[in-house]
Amino acid sequence: MNKLTILSTAAAVMLAFGATAIAYDGTKCSEPGICWEAKPGFPDKIKGSKFDPKHSQTELNKQDISMKAVDARNAKRAANFKKTGKWVF
Amino acid sequence: MLNKKIKSIYKYIGQCGLLVVSMLTMISPVQASEALPDTLRICASSDEMPYSNSEQQGFENALAQVLAESMSLPLEFVWSDKAAIFLVTEHLMKNECDVVLGVDTDDSRVATSEPYYKTGYVFVYRTDKDLDITSWKSPDIQKLKNIVIVPGSPSETMLKAVGKYESNFNYVKSLIGFKSIRNKYIRAKPTKLIGEIVSGNGDIAHLWAPEIARYVHNSDTDLQMVMSQQQYELENGDIVMQHYDQSIAVRLGDDALLQAINKGLASAQQKIKIILQKEGIPLL
Amino acid sequence: MRKKQKISIISSAVLLSSTIGLFATGIVSANDKLVELQKSDANWVMQGKNYSADKFSPATQIDKKNVSNLKASWSFSTGVLSGHEGAPLVVGDMMYIHSPYPNNTFAFNLNDPGKIVWEHKPKQDPAARAVACCDVVNRGLAYWPGDSKTPALIVKSQLDGNVVTLIAATGEVHWQVETGAIDMGQTQTQSPFIIKDLVIQGSSGAELGVRGYLTAFDIHTGEMVWRWYATGPDADIGLKKDFNDANPHYGQAKDLGMRTWEGDAWRIGGGTNWGWYAYDPDLEMFYYGSGNPAPWNETMRPGDNKWTMTIWGRDADTGLAKFGYQKTPHDEWDFAGVNLMMLSEQKDKNGKMRKLLTHPDRNGIVYTLDRENGDLISANKMDDTANWLKKVDLKTGLPIRDPEFSTSMNHRSRDICPSAMGFHNQAMSSYDPTRELFYLSINHLCMDWEPFMLPYRAGQFFVGANVWSYPGPKGDRQRGIGSGQLKAYNAITGEFAWEVMEKFSLWGGNMVTAGGLVFYGTLDGFLKARDSDTGKLLWKFKLPSGVVGHPMTYTHKGIQYIAINYGVGGWPAVGLVFDLNDPSAGLGAVGAFKELARTTQMGGGFIVFSLDGKGPYDDLSVGEYEM
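About the thresholds
Sequence order as written defines residue numbering, which begins from 1 separately in each chain. Key to labels: chains lettered from A, ligands numbered from 1, both in the order written. The predicted origin of the model limits local features to residues at a pLDDT of at least 70 and limits the giving and counting of side-chain atom pairs to 80 or more, whereas totals for whole chains, interfaces and linings rest on all residues. The basis for the side-chain values is all heavy atoms of the structure; hydrogens and waters are excluded. Secondary structure elements follow DSSP: runs of H or I no shorter than four residues count as helices, runs of E no shorter than two count as strands, and numbering proceeds from the N terminus. We compute the radius of gyration from the C-alpha atoms alone; for a globule the expected value is 2.2 Å times N to the 0.38, where N is the number of residues. Buried means the residue's accessible area, taken with a 1.4 Å probe over protein chains only, is under 20% of the maximum for its type, while exposed means over 50%, and partly exposed covers the values in between. Any two residues having at least one pair of non-hydrogen atoms within 4.5 Å are treated as being in contact. The accessible surface values rely on the Shrake-Rupley method and a 1.4 Å probe; as for residues, cover is taken only from the protein chains in view. Two cysteine sulfur atoms make up a disulfide if the distance between them is within 2.5 Å. Once two parts are brought into contact, the accessible area they lose, counted with a 1.4 Å probe and summed over both, makes up the buried area. A side-chain nitrogen of Lys or Arg and a carboxyl oxygen of Asp or Glu constitute a salt bridge if their distance falls within 4 Å. Polar contacts, as counted here, are pairs of nitrogen or oxygen atoms within 3.5 Å of one another; within protein the pair requires one atom able to donate a hydrogen and one able to accept it, and residues that are adjacent in sequence qualify only if both atoms are side-chain atoms. Amino acid classes used here: Ala, Val, Leu, Ile, Met, Phe, Trp, Tyr, Cys and Pro are nonpolar; Asp, Glu, Lys and Arg are charged; the rest, including Gly, are polar. Here the rule is simple: two strands pair whenever DSSP picks up at least two bridges between them. To qualify as a nonpolar core, a set must consist of buried Ala, Val, Leu, Ile, Met, Phe, Trp, Tyr and Cys residues joined through side-chain atoms within 4.5 Å. Axis lines are fitted through C-alpha atoms, for helices just across the contact stretch, and the angle between N-to-C directions can take any value from 0 to 180 degrees. Orientation labels follow simple angle bins: below 35 degrees gives roughly parallel, above 145 gives roughly antiparallel, 65 to 115 gives roughly perpendicular, and whatever is left gives oblique. Throughout, a crossing is termed right-handed when the near helix is turned clockwise from the far one, and left-handed when it is turned anticlockwise from it by less than a right angle. Only centres within 6.5 Å qualify two rings of Phe, Tyr or Trp (six-membered ring in Trp) as a pair; their planes then separate them into stacked at under 30 degrees, edge-to-face at over 60, and tilted for everything else. Either the NZ atom of lysine or the CZ atom of arginine qualifies as a charge over a ring when it sits within 6 Å of the ring centre and within 35 degrees of the ring normal. Where each domain starts and ends follows an automatic or database-derived domain assignment. Here a cavity means grid points, on a 1 Å grid over the protein atoms only, where a 1.4 Å probe fits yet cannot get out; a pocket means an open set of points with protein on both sides within 12 Å along at least five of seven lines; lining residues are those with an atom within 4 Å of a point. Grid points are joined across faces, edges and corners, and a volume is the space filled by probe spheres set on the points.

Asks: When you look at the overall build of chain C in this model, what are you seeing that I'm missing?
Replies: Tallying secondary structure elements over chain C gives 6 helices and 38 strands in all. Relative to its length of 627 residues, chain C is compact, with a C-alpha radius of gyration of 23 Å against a globular reference of 25 Å. For chain C, the C-alpha atoms occupy an extent of roughly 75 × 60 × 55 Å along the three principal directions. Looking at the 627 residues of chain C, the share that counts as buried comes to 73%. For chain C, contacts bridging at least 24 residues in sequence account for 63% of all contacts bridging at least 6. Taken as a whole, chain C presents about 18,000 Å² of accessible surface, with 52% of it coming from carbon and sulfur.

Asks: Please clarify how the state of the cysteines should be interpreted in this entry.
Replies: Throughout this description, disulfide means a covalent bond between two cysteine sulfur atoms. All names here are of chain A. This structure, assessed with the given rule, holds 4 disulfides over all chains. Residue Cys-29 pairs covalently with Cys-35 via a disulfide, S to S 2.1 Å. Taking the sign of the S-S torsion, 95° for the link of Cys-29 and Cys-35, the bridge is right-handed. Residue Cys-29 is classed as partly exposed on the basis of its relative accessible area, which comes to 41%. The class of Cys-35 is buried, set by a relative accessible area of 3%. By sequence-ordered numbering of the bonded cysteines, chain C has its disulfides arranged as 1-2, 3-4.

Asks: Help me understand the interface of chain B and chain C, please; the structure alone is not making it clear to me.
Replies: The accessible area lost on association of the parts is a frequent measure of interface size. In this assembly, 25 residues from chain B lie in contact with 29 residues from chain C. For the chain B and chain C pair, buried surface summed over both sides reaches about 2,300 Å², with 56% attributable to carbon and sulfur atoms. Summed over the shared surface of chain B and chain C, the number is 0 salt bridges. At the surface where chain B touches chain C, the tally comes to 5 residue pairs in polar contact (both at pLDDT 80 or more). For the side of chain B that touches chain C, the secondary-structure elements that each account for two or more residues are helix H1 (2-13), helix H2 (17-25), helix H5 (154-161) and helix H6 (169-175) of chain B. Among the elements that line the side of chain B that touches chain C, the one with the most residues is H2(B), at 5 residues. Partitioning the side of chain B that touches chain C into residue classes produces 9 nonpolar, 8 polar and 8 charged.

Asks: Sorry, what's going on with the pairing of strand E9 (residues 204-208) of chain B here?
Replies: As a general feature of sheets, a regular strand has side chains that alternate between the two faces. Residues and elements named next belong to chain B. The buried count for E9 comes to 5 of 5 residues, which makes it a mostly enclosed element. As defined by bridge partners, strand E8 (residues 147-148) adjoins E9 across 2 bridges and the pair is classed as parallel. When the sheet's bridge partners are listed, Ile-147 is paired in E9 with Ile-204.

Asks: Would you take a moment to explain the pattern of salt bridges for this structure?
Replies: Pairs can form between side chains of opposite charge whenever their charged atoms are close. Per the stated rule, a full pass over the model turns up 58 salt bridges over all chains. Between Glu178(C) and Arg73(A) there is a salt bridge, with its nearest N and O atoms 2.8 Å apart. In this pair, Glu178(C) sits in strand E10 (residues 173-178) while Arg73(A) sits in helix H2 (residues 57-84), so the two residues belong to two different chains. We classify Arg73(A) as partly exposed; its relative accessible area is 36%.

Asks: Just to check I follow, could you spell out the nonpolar core for this structure?
Replies: Soluble globular proteins tend to pack their nonpolar side chains together in the buried interior. All names here are of chain C. Tyr-96, Ile-200 and Tyr-554 are the most contacted members of the largest nonpolar core, which has 90 residues in total. Considering each element in turn, this core owes the most residues, 6 residues, to strand E37 (residues 559-566). When near neighbours in sequence (up to four residues on either side) are disregarded, Tyr-96 contacts Pro-88, Leu-89, Val-91, Phe-106, Ala-107, Trp-118, Leu-141, Ile-154 and Ala-168. Membership of the second largest hydrophobic core comes to 66 residues, among which are Leu-208, Ala-465, Val-467 and Val-568.

Asks: What's the story with the packing of helix H7 (residues 190-199) of chain B against helix H8 (residues 209-218) of chain B in this structure? I'm lost.
Replies: A pair of packed helices can be characterised by two numbers: the angle between their axes and the separation between those axes. All names here are of chain B. Here H7 crosses H8 at 55°, and the two axes come no closer than 9 Å. With respect to their mutual orientation, H7 and H8 come out oblique. In this structure, H7 meets H8 at a crossing whose hand is right-handed. When H7 is examined against H8, the residues Pro-190, Thr-191 and Ile-194 are found in contact with a partner set consisting of Glu-211, Ile-212, Tyr-215 and Val-216. Split into classes, the residues belonging to the contact of H7 with H8 amount to 5 nonpolar, 1 polar and 1 charged.

Asks: Would you explain the environment of Lys156(C) in this entry?
Replies: Residue and element names in this part refer to chain C. Here Lys-156 shows up in strand E8 (residues 153-157). Judged by relative accessible area, which is 2%, Lys-156 ranks as buried. On a C-alpha basis, the gap between Lys-156 and Ile-564 in space is 19 Å, while along the polypeptide they are 408 residues apart. Leave out the neighbours within four places in its chain, and Lys-156 touches Asn-103, Asn-104, Thr-105, His-120, Pro-122, Leu-141, Asn-162, Val-163, Val-164, Leu-166 and Pro-192. Among the polar contacts made by the side chain of Lys-156, one reaches the side chain of Thr-105 at a distance of 2.7 Å.

Asks: Explain the packing of aromatic side chains here, please?
Replies: Between two aromatic rings, the relevant description is the distance of the centres plus the angle of the planes. Scanning the entire structure with this criterion turns up 46 aromatic pairs over all chains. Their ring planes at 70° and their centres at 6.2 Å tell us that Trp208(B) and Tyr244(B) sit as a pair that is edge-to-face. Highlighted residues: Trp208(B) in strand E9 and Tyr244(B) in strand E13 (residues 243-250), separated in sequence by 36 residues. Assessed through its relative accessible area of 3%, Trp208(B) is described here as buried. A relative accessible area of 8% means that Tyr244(B) is categorised as buried. Following the ring pairs from residue to residue traces out a cluster consisting of Tyr51(C), Phe193(C), Trp226(C), Tyr277(C), Tyr279(C), Phe286(C) and Tyr288(C). Across from the ring centre of Tyr229(C), 3.8 Å away, lies the NZ or CZ of Arg211(C), which sits over that ring. When the ring centre of Phe526(C) is taken as origin, the NZ or CZ atom of Lys540(C), which lies over that ring, is 5.0 Å away.

Asks: Is there a simple way to think about the domain arrangement of chain B in this case?
Replies: Residue and element names in this part refer to chain B. Splitting chain B by domain gives domain 1 (36-117 + 245-279) and domain 2 (119-243). Relative placement of domain 1 and domain 2: their C-alpha centres are 27 Å apart. The interface of domain 1 with domain 2 comprises 15 residues on the first partner and 13 residues on the second. Together, Pro-50, Tyr-51 and Glu-279 form the three largest contributors to the area buried by domain 1 at its contact with domain 2, with a combined 39%. In this structure, the connection of domain 1 to domain 2 is made through 3 salt bridges. Note that Asp-47 is salt-bridged to Lys-189, the shortest N-O span being 3.3 Å. Counting across the domain 1 and domain 2 interface gives 6 residue pairs in polar contact (both at pLDDT 80 or more). Taken together, the elements giving at least two residues each to the side of domain 1 that touches domain 2 come down to strand E2 (47-48) and E13.

Asks: Explain the interface of chain A and chain C here, please?
Replies: The partner chain C presents 65 residues to the 43 residues of chain A that form the contact. Summing both partners gives a buried area of about 4,300 Å² for chain A against chain C, and 56% of it is carried by carbon and sulfur. Considering only the side of chain A, the residues that lose the most area to chain C are Trp36(A), Gln63(A) and Met67(A), jointly responsible for 15% of the buried surface there. The partner of Arg77(A) in a salt bridge is Glu178(C), with the nearest N and O atoms 2.8 Å apart. For the interface between chain A and chain C, the tally reads 24 residue pairs in polar contact (both at pLDDT 80 or more). No other element matches the 18 residues that H2(A) contributes to the side of chain A that touches chain C. When the residues that make up the side of chain A that touches chain C are grouped by side-chain class, the tally is 18 nonpolar, 9 polar and 16 charged.

Asks: Explain empty space enclosed by the protein to me, please; I cannot follow it from the model alone.
Replies: Empty space among the atoms becomes visible once a probe the size of a water molecule is rolled across them. Residue and element names in this part refer to chain C. Under the criterion given, the structure shown has 13 cavities of 30 Å³ or more. Taken as a whole, the largest cavity spans an internal volume of roughly 270 Å³. Taken together, 24 residues make up the lining of the largest cavity; nearest its centre are Cys-133, Cys-134, Arg-139, Glu-207 and Trp-274. Class assignment of the residues belonging to the lining of the largest cavity gives a composition of 11 nonpolar, 7 polar and 6 charged. Put simply, the second largest cavity is a space of about 180 Å³. Forming the boundary of the second largest cavity are 19 residues, of which Met-46, Gln-47, Ser-191, Pro-192 and Phe-193 lie nearest the centre. When residues of the lining of the second largest cavity are traced back to their parent elements, those giving at least two are strand E7 (142-144) and strand E11 (193-195). Within the lining of the second largest cavity, the residues separate by chemical class into 13 nonpolar, 6 polar and no charged.

Rendered as structure tokens:
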């Protein structure tokens, strides 16, 4: 009886180990829609790791700034169009 | 040459499958030789002025000449019609030739000699432009419109750092014919780049000094050439180097050849200096 | 813009109420008109022929028996090189033809197409070419039928990111707006999509780290009505309160667009949406797919990366999403989920009539969803060689991955199927509602993949992976051929009625007719017709250049015409377009299509076929000099 228990825990441990070794299959959800887990040997957060791409904050901000400028130019064109009936690009 | 060759490769890793593949093929085992070859086989571009061409008008052709004499070896140029950034991966690594001039001293793909000169990226502008520019931090930088740079070089990184990349976007693309550098290496001819400054089309250039020194010196228009500061720190802490040591490359493990080259360089030091000075390269 | 959007669910409603006032008169008639126009055989009024995007024509003049008599009737050269994706539009007597960059547009009268009625040749910033990911293609024009206030318009996008409306009768610019900036890598290749009085325009540039977005403009005034993103906080993405209520396991309105990314990665996270959209006028919902997360290197973006790779069902007026189903969470292969959506009304396995949406994805799975609520009906492998996953779990909606074919840093993964180009890409596949079969234009491509690190720099390529594509196991990898398949698929049973192999990937798509024919062009420049019941090849014609667009058909003055753009290019042909040799160049396409350059060269145009070549010039006096 005792032997059997030991055996079965060993099997359970191996199973658990095996499961992590098989790794990523994208189906371990911590909540609906959040299922990703890092591959074995890779960090689940890359900041500060050797995979940290160290993006520049200035570069990250650029799309927002650019889009605001685009929208402002478009809004001006549309307002002028409404007023004059002529589209000036 | 180093910067064309190496710095841009680092850059291109981010953009260009092509070069990375070339770097991979280079890892394939190459035979290292213990013995000294009986000719000095130099990998050289047939059309990459001012470094080299098949008429041997480049300053690296002259340097090779001097080196061979000093090493007492017959000189053989192995010509390549590929761009010089491919000399290491496409020719040296494939044993088609044994020596490449003008690589960065810290290029880990190859074994490098003692540095034989050091120079950097320079600003070039017309003297009559009335500019006061000694570094990327100079206030006059912000007044500039068209800035001549080589895509993928540290100059491009600097353009981003000083906030001029976007306003200069179309202009830089025009220098390479609006082609995408992601799929293919495209070299903007240095004569064209300096021509932009001479014509007044470009306000200022920031380029690797050896690449353009000859054309700056030969220009009928009065041009200023200002050496960049050694390095810049970006806001994320990364350092952008502007000065680089230049070495001669052999395959990893070609120790006998490397030793002989180092000896040859040492005894030819004075002659090398004269060639570089004649070329107009500001030495550091 | 973004700061304001914290309140934009409310404010967009407010915003809209002002435009709804505008709509009140115009909206109904214009939209009904467009729906009416697409029913007629005479017209091909939008890229997908109709809002269901089925490319099914009820025309029967050309059928299985007489298709062998199909002959060229007339043709036109656009004078432009590069890939000619998409198809021309026909509305009544008029035909409208587009070209890739520089994005010229031509109008013809079908009674005498030898004369250009008007042309629009825009001036653009040429630097747009340098940031286009995969050739300078454009997927075609859209048409808005006009109302009492505004005349009928042709709507086009330009590579430089501008969207332009042209007065259909004259070609004059009505309005022109920017939808992005090329120095941010934001280009436009997508065909604009018209719903009611809105021009809906997606985005391109995920290969340059562009955060995907979707903008709607008022057709009358050019004013922006709304914009929603693929990533970021819910307020930016535009989710209805009951978002995914029917399928809570897909994830709901809990800022997953931020929480499934590390730090700021969502701001450069891709999810652009340049594919083909569909619309259901009864449900007043439209459907499209958001694309791949950026960069391609998965190690650089921990998390599920929502809501990239998502099938969206959004409200036509507000753009707010009722459902979103992420097909490939945390993509590792560039399986950009932008492919077309085809709408059908079919009985499911239990015999219940349902409104369905079928989407052949890049990832090798063809998905069928209930388009009212997003329920997953079926998800089958387009080809059994797809190996990155074992299957899709219909209960959870999640792919069951095979870790052997995953990708990660410091490792070259080999023999992954499909390749980044997808088993199905921008092809306009079709659906025959009478046979209840989907005709899928398939790429049979697999790949090796090796990631690398790089920092984000706005306006520069942000890919982070090297790719080598090649024909899949059923093709001939050595010779670089056997990279295409055409298959007839039943979305309810999951079975294929028939399938054939093709020399090259079927990039452009196909069209199916009630005459029992499926038409498609090939990269090496053939227009082919097959029996839609059996797949038997019945007719083919060698075109001047390869095809990356889809065929269309229209009936004019009693004659049914089959027409197609030719002009090789696009992603599969970048090697040929830019003269590249390295196999991994062109995001891995150059190796896969090395044989293509031996079959065809660039050169764009359009050619029209009819039985015995009948056409406008049968009357020899048409187009002649008149005193």
